[in-house]
Amino acid sequence: MTSSADKFFSTDLDQILKDHGIDTVVIVGTSAIGAVLYTSFGATARGYTVAVAQDGMFADNDFQVYYATYQLANQPGGANPANEPLRKGAVTITKMGLVDFA
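Description of the structure in this document. (Residues numbered from 1 in each chain as written. Predicted model: local features only at pLDDT ≥ 70, side-chain atom pairs only at ≥ 80, totals over all residues. Heavy atoms only, no water.)

1. Focus on the sheet that holds strand 3 (residues 91-94)
For step 1, the next point in the chain: The 3 strands are arranged 1-2-3 in an open sheet whose pairing can be described as parallel. Two strands lie at the open edges of the sheet, namely strand 1 (24-29) and strand 3, each paired on one side alone. Direction aside, neighbouring strands of the sheet carry axes that sit 25° apart on average.
For step 2, the next point in the chain: Judged from the 5 bridges that link them, strand 1 and strand 2 (residues 49-57) form a sheet pairing that is parallel. Residue pairing in the sheet places V25 in a bridge with V50 of strand 2. (Pairing = 2+ DSSP bridges. Helix = DSSP H or I, 4+ residues; strand = E, 2+ residues; numbered from the N terminus. Axes fitted to C-alpha atoms, helices over the stretch in contact; angles between N-to-C directions.)

2. Observations concerning the nonpolar core
For step 1, the next point in the chain: By size, the foremost hydrophobic cluster in this structure holds 17 residues, and its most contacted members are V25, I27, A43, V50, V52, M57 and L72.
For step 2, the next point in the chain: Of all elements in the fold, only strand 1, helix 2 (32-45), strand 2, helix 3 (62-73) and strand 3 reach the threshold of two or more residues within this core.
For step 3, the next point in the chain: Counting residues per element, this core draws most heavily on helix 2, at 4 residues.
For step 4, the next point in the chain: Residues contacting I27, with those up to four places away along its chain left out, are V36, T39, S40, A43, V50, A51, V52 and A53. (Core = buried A, V, L, I, M, F, W, Y, C linked by side-chain atoms within 4.5 Å. Buried < 20%, exposed > 50% of the residue type's maximum accessible area, 1.4 Å probe, protein only. Contact = heavy atoms within 4.5 Å.)

3. Some words on the environment of D6
For step 1, the next point in the chain: Examined against the element boundaries, D6 turns out to sit in the segment before helix 1 (13-19).
For step 2, the next point in the chain: Overall, the relative accessible area of 16% leaves D6 in the buried class.
For step 3, the next point in the chain: A C-alpha to C-alpha distance of 16 Å links D6 and G89, two positions 83 residues apart in sequence.
For step 4, the next point in the chain: With near-sequence residues (within four places) excluded, D6 lies in contact with Y38, T39, G42 and R46.
For step 5, the next point in the chain: A polar side-chain atom of D6 sits 2.9 Å from the main-chain amide nitrogen of F8. (Polar contact = N/O pair within 3.5 Å; in protein donor to acceptor, adjacent residues only side chain to side chain.)

4. Overview of the pattern of salt bridges
Two side chains of opposite charge can pair, provided their charged atoms sit close to one another.
For step 1, the next point in the chain: Enumeration according to the criterion identifies 2 salt bridges in this entry.
For step 2, the next point in the chain: Its salt-bridge partner being R46, residue D6 comes within 3.7 Å of it at the nearest N-O pair. Here D6, found in the segment before helix 1, pairs with R46, found in the loop between helix 2 and strand 2; they are 40 residues apart in sequence, far enough to count as distant.
For step 3, the next point in the chain: Judged by relative accessible area, R46 falls into the partly exposed class, the value being 34%. (Salt bridge = Lys/Arg side-chain N within 4 Å of Asp/Glu carboxyl O.)

5. What about the pairing of strand 3?
Each regular strand shows side chains that alternate between the opposite faces of the sheet.
For step 1, the next point in the chain: What you see with strand 3 is no split at all: V91 and I93 on one side and T92 and T94 on the other are buried throughout.
For step 2, the next point in the chain: Note that strand 2 and strand 3 share 4 bridges and pair parallel. For V50, the partnering residue across the bridge sits in strand 3 and is V91.
For step 3, the next point in the chain: Once the chain exits strand 2 it traverses helix 3 before rejoining the sheet at strand 3, and the crossover so formed is right-handed. (Right-handed = clockwise from strand over helix to strand, strands pointing away.)

6. Structural notes on the packing of helix 2 against helix 3
For step 1, the next point in the chain: The contact between helix 2 and helix 3 brings their axes to 10 Å, and the two run at 10°. Comparing the axis directions of helix 2 and helix 3 gives the class roughly parallel. Where helix 2 abuts helix 3, its residues A32, I33, V36, L37 and S40 lie against Q64, V65, Y67, A68, Q71 and L72. (Parallel < 35°, antiparallel > 145°, perpendicular 65-115°, else oblique.)

Purely spatial values, then, with no claim about function.
Right under this line is the structure:
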């Protein structure tokens, strides 16, 4: 099965997460303005709370990471420009060292 930049699109990811009772996801990746950005939007559009580790997303240059960070914090329908920690249905920008899987 092939997906797009949004890893929820044309995959079973949403159902797998729901089957396991997961409502918060941590997203990292090598394409800040691709998979990280669009999968984060796809997750919030489906009602998930999202944490994106800024030091866990990469791009061809620093501007692309900055741009993705801005877009993540200000996305339509789930803006969190004040970066309120784990705001439901929105993205929180964090760092890898602050992520705890307890």
